[in-house]
Amino acid sequence: MTRHIDDAHRLTPMVGPAIADAIFVATTAVFLAIVSGSLLKRTHVPLTVILLLWGLAIGVGNATFTKNWDYWGPGVMIWRDIDAHFLAALLLPPILYIGASGLERQVLLTNWFHILLLGVVGVVTGCGMTAVVAHFILPYDWSWPQSLLFGAIVAATDPVAAVALLKEVGAPVDVRVTVDGEALIDDGVAYVLYSVMLAFVRGESLNAGGVIKMLARQSVGGPAIGVAFAVCLAGWLRWVPQEAPAAAGAALTAAFAAFFVAEQILLTSGILSVVALGMAMALLGRATHSDALAKPLQHTLDAVEYIANALAFVITGIIIAGQTYDGQAGPSGAAAAAGSSEALMLAGQGARIMARDYGWGVALWLLLMVIRVINVTVFFPLMRPTGHGMTPAAAVITAWSGLRGLVGLVLALLVLGDEEIGDAGYKLQTFFLMGITVVLTVVVQGSTFEGLLWVLASAGGAKADLTCQSTLSSEGAHPPGQQALPNAEVASHAASNSSGVP
């Protein structure tokens, strides 16, 4: 199907066809989120899982039979082939800022040790163990730099997936803040490791001084920028009278600006800068604005987060499905397929996704679960007596919360399109394995989260359930479009606080 419009009756469009098609698909993604959320209100299926499945279905459908549809086919291909840097700059600042600034101040202050232990030390150990798996178990003969780069991409849990899902299923407050805080920090840490390992994989020569300098710039520069923007934003919100839309606009402007300054001007971590900005605002709390502004401001930010999450999960599914289909097409499929995705071009160079790779993707997911359990088990003796404490039930929830999502996918896309990496097979396999990991963690772990919470709550006993009723009833309303699960919240909070920790 092609577009035929009589030139005599055509109006000059405000945007080009390609941009209009992409906006049409993005609007459809948000519409699917609204409709799916309404239909799922009486079910226990997380909306984030359904949105990822929608994206996968759209990606597969466009690769097989909808690619020639007017408006729809070209629009889906634009999102499938979107530049990874643009995708990160578009979606990460609002999602990271809103997630970080929404962390509860008191719990954040109390559980800071848990967050840093899991988000910094846990990423380093997870990266190392994942690299060992990639080097010795996966059948791809990767070098140590390649294995460590893959470990940095895959090891970190994802703030986009974790923040959205834990809110949605009503996870315990203290566990949610710990896991959300860990997820928000550890992707910044993983990006620092990614930057160093990428230089080695590209063949650049770095001495010890160069590595230390790069680590320092990435790990210190990003948070410093975020704190500086937080001071400016807090002063602006406190001393200049604001309505909720203007205050939300100022906050989001600060998030985008911090990300831009860090990434493009000072060449440091944009992720850490936005996370530091959001956490600083969470710690400042109501000192940044009046009580009358707090609730409407949060509602405005919730609406932005809802739209950004909907786009993130649907687009993630489109990218994974579309690039994977092209990567397994091979030269003959590449010749017949429409578009010129990175995976398609690598397939034309002889790199292929084979049937066995799906099996290795499942095996990798299981091994990553083992690595997550090892990390949480090793850290458990340190976390149990600190902060709010950690019960065995809370440790199980934390281990099961190791979801992967948009940030890891963006890093894998950067590798997929990196012309300085000469190994086409490595680039394609890295993207494919990351995509499989995202799908399995979100769909399998995400869809079973609430059931796990109920099982742990049942094991915790009725007494703990009663002690947590008042705590959960004060958590506030859910963001628009998310399922309210008050009973699950009460039960899940009981599981994590069965030791009587308030």
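Calculation notes
Residues numbered from 1 in each chain as written. Predicted model: local features only at pLDDT ≥ 70, side-chain atom pairs only at ≥ 80, totals over all residues. Heavy atoms only, no water. Helix = DSSP H or I, 4+ residues; strand = E, 2+ residues; numbered from the N terminus. Buried < 20%, exposed > 50% of the residue type's maximum accessible area, 1.4 Å probe, protein only. Contact = heavy atoms within 4.5 Å. Areas by Shrake-Rupley, 256 points an atom, 1.4 Å probe, with all protein chains shown as cover. Phe/Tyr/Trp six-rings, centres within 6.5 Å; stacked < 30°, edge-to-face > 60°. Expected span 1.5 Å × (residues − 1). Bend = angle between axes of the 7 residues up to and from the residue. Polar contact = N/O pair within 3.5 Å; in protein donor to acceptor, adjacent residues only side chain to side chain. Core = buried A, V, L, I, M, F, W, Y, C linked by side-chain atoms within 4.5 Å. pLDDT = per-residue confidence, 0-100. Salt bridge = Lys/Arg side-chain N within 4 Å of Asp/Glu carboxyl O. Patch = residues over 30% accessible without salt bridge, like charges linked within 9 Å, V, L, I, M, F, W, Y side chains within 5 Å.

## Topic: the overall build of the protein
Tallying secondary structure elements over the protein gives 23 helices and 0 strands in all. Across the 502 residues of the protein, 56% fall into the buried class. For the protein, the proportion of contacts with a sequence separation of at least 24, taken over those separated by at least 6, is 81%. Roughly 20500 Å² of accessible area belongs to the protein as shown, and the carbon and sulfur atoms make up 68% of that amount.

## Description of the packing of aromatic side chains
Scanning all chains against the criterion turns up 9 aromatic pairs. A ring pair is formed by tryptophan 112 and phenylalanine 113, whose centres lie 6.1 Å apart and whose planes are at 85°; its orientation type is edge-to-face. Since its relative accessible area comes to 48%, tryptophan 112 is described here as partly exposed. Centre to centre, the rings of tryptophan 142 and tyrosine 426 are 5.0 Å apart; their planes meet at 80°, and the pair counts as edge-to-face. Taken as a pair, tryptophan 142 in the loop between helix H6 (112–136) and helix H7 (144–155) and tyrosine 426 in helix H19 (residues 424–447) lie far apart in primary sequence, 284 residues in all. What links up through ring pairs into an aromatic cluster is the set Tyr140, Trp142, Phe150 and Tyr426.

## Some remarks on helix H4 (residues 84–101)
Taking 1.5 Å as the rise per residue, H4 with 18 residues should run 26 Å; its terminal C-alpha atoms sit 25 Å apart, in good agreement. Along H4, the largest kink reaches about 40° and is centred on leucine 92; proline proline 93 follows within four residues of it. In terms of residue burial, H4 counts as a mostly covered element, since 14 of its 18 residues are buried. One side-chain oxygen of the residue at the start of H4 lies 3.0 Å from the amide nitrogen of histidine 85, identifying that residue as aspartate 83.

## Digging into the side chain of arginine 80
With respect to the helices and strands, the residue arginine 80 is situated in helix H3 (residues 72–80). Here the side chain of arginine 80 touches aspartate 81 through a polar contact of 2.7 Å, side chain to side chain.

## Considering the nonpolar core
Counting 127 residues, the largest nonpolar core has Tyr97, Leu149, Phe150, Ile153, Tyr194, Leu233 and Leu277 as its most contacted members. No other element matches the 15 residues that helix H13 (residues 291–327) contributes to this core. If near-sequence neighbours (up to four positions away) are discounted, leucine 277 is found in contact with Tyr97, Gly226, Phe229, Ala230, Leu233, Ala254, Ala255 and Ala258.

## Section: the confidence of the model for the protein
When the pLDDT values of the protein are averaged, the result is 81; 80% of them are 70 or greater. Under a pLDDT of 50 for its full length, residues 4–10 has, in the predicted model, 1 contact with residues more than four places off or in other chains.

## A look at the pattern of salt bridges
Inspection of the entire model under this criterion finds 5 salt bridges. The closest approach of N and O atoms between arginine 202 and aspartate 418, which form a salt bridge, is 2.7 Å. Here arginine 202, found in the loop between helix H9 (173–201) and helix H10 (208–239), pairs with aspartate 418, found in the loop between helix H18 (406–416) and H19; they are 216 residues apart in sequence, far enough to count as distant. Owing to a relative accessible area of 6%, aspartate 418 belongs among the buried residues under this scheme. For arginine 356, the salt bridge is made with aspartate 357, and the minimal N-O distance between the two is 3.9 Å. The exposure class assigned to arginine 356 is partly exposed, which follows from its relative accessible area of 47%. Because the salt bridges share partners, they merge into one network encompassing Arg80, Asp81 and Asp326.

## Concerning unusual backbone geometry
A positive phi angle, close to 65°, is found at tyrosine 71, a residue other than glycine. Examined against the element boundaries, tyrosine 71 turns out to sit in the loop between helix H2 (47–66) and H3.

## Examining a nonpolar patch on the surface
Nonpolar side chains collect at one region of the surface, where Phe31, Ile34, Val35 and Leu39 lie side by side and expose about 400 Å² of accessible area between them. Along the chain, isoleucine 34 falls in helix H1 (residues 17–39). In this structure isoleucine 34 comes out as partly exposed when scored by relative accessible area, which is 44%.

## Structural notes on the side chain of threonine 324
Note on placement: threonine 324 falls in helix H13. In this structure the side chain of threonine 324 is engaged in a polar contact, spanning 2.6 Å, whose partner is the backbone oxygen of isoleucine 320.

## Focus: the environment of glutamine 429
Locating glutamine 429 in the fold gives a position in helix H19. With 76 residues separating them along the chain, glutamine 429 and isoleucine 353 place their C-alpha atoms 7.2 Å apart. Contacts of glutamine 429, omitting those with residues within four sequence positions, involve Tyr140, Trp142, Arg352 and Asp357. Here the side chain of glutamine 429 touches aspartate 357 through a polar contact of 3.3 Å, side chain to side chain.

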